[in-house]
Structures are given as C-alpha cells and as structure tokens.
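# Structure at a glance
Here is what each chain is made of, one letter per residue.
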Amino acid sequence: MHLMQLPREVLLGENLKGEAVNVAKRLGLGERALVLYGPKTKEIAGKDIEKSLRESFDVSALVIREASMEEVERSLAKIRDDNSDWLIAVGGGSIIDVAKLASFKAGVPFISFPTTASHDGIASANASIKDLGTKTSVKAVPPVAVIADVRVIKTAPYRYLAAGVGDMISNLTAVKDWQLAHRIKGEYYSEYAASLSLMSAKMVIKNADIIRLGNEESVRKVVKGLISCGVAMSIAGSSRPASGAEHLFSHALDAIAPKPALHGEQVGVGTIIMAYLHGLKWERIRETLKKVGAPTNAYELGIDPEYIIEALTIAHTIRPERYTILGKDGLTREAAEKAAKITGVI
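Here we summarise the structure given alongside this text. (Residues numbered from 1 in each chain as written. Predicted model: local features only at pLDDT ≥ 70, side-chain atom pairs only at ≥ 80, totals over all residues. Heavy atoms only, no water.)

Moving on, we come to the sheet that holds strand S5 (residues 110-114). Spatially, S1-S8-S5-S4-S2-S3 is the arrangement adopted by the six strands of the open sheet, whose pairing is parallel. With one partner strand each, in any of the chains shown, strand S1 (9-13) and strand S3 (58-63) form the two edges of the open sheet. Here the strands of the sheet are splayed against their neighbours by 15 degrees on average, with no regard to which way each runs. Of the strands in this sheet, strand S2 (32-37), S3 and strand S4 (86-91) are in contact with helix H3 (residues 69-82), which crosses S3 at around 160 degrees. Across the sheet, helix H10 (residues 216-236) touches S1 and strand S8 (145-149), and the angle it forms with S1 is around 170 degrees. (Pairing = 2+ DSSP bridges. Helix = DSSP H or I, 4+ residues; strand = E, 2+ residues; numbered from the N terminus. Axes fitted to C-alpha atoms, helices over the stretch in contact; angles between N-to-C directions. Contact = heavy atoms within 4.5 Å.)

A few words now on the environment of Ala294. Assignment of secondary structure puts Ala294 in the loop between helix H13 (282-292) and helix H14 (298-301). Exposure remark for Ala294: the relative accessible area of 7% places this residue in the buried category. Separated by 128 residues in sequence, Ala294 and Gly166 have C-alpha atoms that sit 7.1 Å apart. For Ala294, the contacting residues outside a window of four places in its chain are Ala162, Leu289 and Glu300. (Buried < 20%, exposed > 50% of the residue type's maximum accessible area, 1.4 Å probe, protein only.)

Contact pair helix H7 (residues 171-185) / helix H8 (residues 191-206): the axes reach a minimum separation of 8 Å and the direction vectors enclose 155 degrees. As far as their axial angle goes, H8 and H7 are roughly antiparallel. Seen from above, H7 lies across H8 with left-handed handedness. Here H7 contributes Asn171, Leu172, Val175 and Trp178 to the contact with H8, which in turn contributes Ala193, Ala194, Ser197, Leu198, Ser200, Ala201 and Ile205. Class assignment for the residues of the contact of H7 with H8 results in eight nonpolar, three polar and no charged. (Parallel < 35°, antiparallel > 145°, perpendicular 65-115°, else oblique. Left-handed = near helix turned anticlockwise from the far one by under 90°. Nonpolar A, V, L, I, M, F, W, Y, C, P; charged D, E, K, R; others polar.)

Here helix H16 (residues 333-342) has its buried residues at Ala336, Ala339 and Ala340. Projected down its long axis, H16 carries its buried residues within an arc of 95 degrees, all on one side. In H16, those exposed residues whose orientation departs by more than 90 degrees from the buried face are Glu334 and Lys338. Where H16 is buried, its residues touch helix H12 (263-278) and helix H15 (305-314). (Arc of directions from axis to C-beta.)

Attention shifts here to the pairing of S5. In terms of residue burial, S5 counts as a mostly covered element, since five of its five residues are buried. Direction of pairing for S4 relative to S5: parallel, over a ladder of five bridges. Each bridged residue has a counterpart across the sheet, and for Ile88 the counterpart in S5 is Ile111. Following the chain from S4 across helix H4 (residues 93-106) to the adjacent parallel S5, one finds a crossover that is right-handed. In this sheet, S8 lies alongside S5 in parallel orientation, the contact comprising two bridges. Paired with Ile111 across the two strands is Ala145, which belongs to S8. (Right-handed = clockwise from strand over helix to strand, strands pointing away.)

Take the nonpolar core next. The biggest cluster of nonpolar side chains holds 78 residues, and the ones touching the most others in it are Ile308 and Leu312. Dropping the residues within four chain positions of it, Leu312 is found in contact with Phe249, Ile273, Met274, Leu331, Ala336 and Ala340. (Core = buried A, V, L, I, M, F, W, Y, C linked by side-chain atoms within 4.5 Å.)

Time to look at the packing of aromatic side chains. Per the counting criterion, the structure on display carries two aromatic pairs. Ring geometry for Trp178 versus Tyr189: centroids 4.8 Å apart, planes at 65 degrees, classification edge-to-face. Here Trp178 is found in helix H7, whereas its partner Tyr189 is found in the loop between H7 and H8, with 11 residues between them in sequence. (Phe/Tyr/Trp six-rings, centres within 6.5 Å; stacked < 30°, edge-to-face > 60°.)

With 15 residues, H7 should reach 21 Å at 1.5 Å per residue; the first-to-last C-alpha distance of 20 Å fits that figure. For H7, every residue scored as buried is listed here: Asn171, Leu172, Thr173, Ala174, Val175, Asp177, Trp178, Leu180 and Ala181. Close packing links the buried residues of H7 with helix H6 (158-169), H8, H10, helix H11 (245-256), H12 and H13. Residue Gly186 follows H7 closely and has a positive phi angle near 70 degrees. (Expected span 1.5 Å × (residues − 1).)

Now the structure itself:
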C-alpha cells in the first residue's frame, strides 16, 4: 500500500492574515485553535492571525524558541491541556517543524503560515528537529492547508529567499541519487514525484532573473516551487525527490561547523559538488545560485574550507540507509578536496 497525504488547500496571495478563519471553517477543523509562533514572527503576523481567529474560535497561543524535542513536548502538553482541535504555525522552518511533529503526535491537523521561503518544509511531511539522535528528519504529516502571504514573506531578509532557491535546485542531484538507489538497490521510485521535483528546480533556473529582484513576483515563484517540492515528497512517501547527498553534506556541516549557514545555502553549495560527482552541468547550477545571490563557496557560507572537506568525507554516515552518489564508503579526503577545488567551493 502506498499512502499519499497532501495539503487540501493552498492559498497564495497578499493580505491573507485573516484567511485562516475561512480555511478552518471550510475544512471543519473544530472550535479550539492553538497558534504557534516565534518571538519575531509573533510581531510579523502571529498577533494579527491570533486576533482574527479569536472572533470565531476559542484560541490559545504558544511561543516556540527552536526546533527541539523539548518544544515539541511543550506544544503537545499545551494541545492536551487546552484540548486543541487544530494548530496554525506562523513562522519559518523551525516553528512549522515543531507544529508538524506535535500535530502528528497529537493526531490533530495543522495549517502552515510561512513567514519565510527558505526551504521546502513549508508544505512537506518531514520535520527537522535538532535532538532526534542520529536522525536528521522525521516523517510526520503535511499541513492540511498552506497560507502563503507574499507580503509577509517579502518582509524577511532576501537571504532567505535565495536559500529557498538553494533548497530547490538541490532536487537536480537528489533525483539523480534516487534513480541510482532505484537501479542499484531496487528502491521504490516514482517517476511522477521525480518529474514534479525536477520541474521546480528547472523553474528556478529559468526564473533566476525574476527571483533576484526580491519582489512579490519573486516570492510567488519561490513559494510555488517549494510547495511543489513538498507535494512531490508526499507523493513519493519519502523525502527522496528533494533530498540526496547534498542534504547529507548540509547535515554533516550542521554537526561539525562552529557556525553553520542557512540550510538552503549549504544545500545549494552541496548541489554544486554532487552535480560534479554525477557528471551533471554543475557550472549551470553555480551560475543560477550566483545570479540569485546565494552562496557558491566556503567563503560566502562563512565556513572554513577544512569543515567543507570533512563534511564531504562523513556525509555518507549521516543516513547510512540512504544510498547516494557517495556510495557505502563515502569520499576519500583526496576525492573530497579535488571535487571542492574543481567546483570552486574551496
């Protein structure tokens, strides 16, 4: 059996803070709502959403500080204490990830209201939580609805939008890794999910000149692509269409670098290297990232080249069950250094 869970509604437009009321009513989510936001996102949109919901629902709220199991447990306790019927997560990846896992564990639906477009977690079923042990992400449920207000997202620093491009362009190497695992390990492969994922990556390459402007149209292009990535993962039943060796490289950097960069920034740089290993046109990927102002090397990431090499050599150990171009044994130090130098990453 193959189960596909998808968002039932996706709203993309301007001035949508008041739309959560209508979405919740249309989907019959119940009377008691819990709003999750961060200290900053409370001011950006959280307060307004909470206020509009109070007119029609019994509402409580909780401030989330980080994507940790402690915050997931706090959210769960709040859901149980208040007998919440549904949640709405107002924020970036961390807040949405906490809501995703808490709603999954509590068995209640959640609405995603992203305030940045920095990665594809806004519509996917996968949650990245810091202290999951060796696991980098855990399968939960996708949001029942996504409300993407381009005006709200546009207020975030442009860097986040460029990071979203990095996360999307990584689909090019993620799908290659998936095909490899399908051929070598007999892993399940969905051509439909792969095609949808590749379409998002090709779209950002094609629209790089529009995205770099950082206006409403740029936000629309990136958000649409990120939602498509989330849908592709839901169709596949795993993060395979959008997460391969380049994501393992990023997770390795998170583990060893003193000050990691944004997820999408690291993934973008990882994609340049993995594209080279796959024999793809890595220069084109680097060119797109440069065009949108995303980092393309260690210096721009603010990470010492030594950590880049180390991350490349240990990336294969992050998720040993996930077969990628790095193989079972990973890259030697020499191979890692060579790939990073040829691609100009170091």
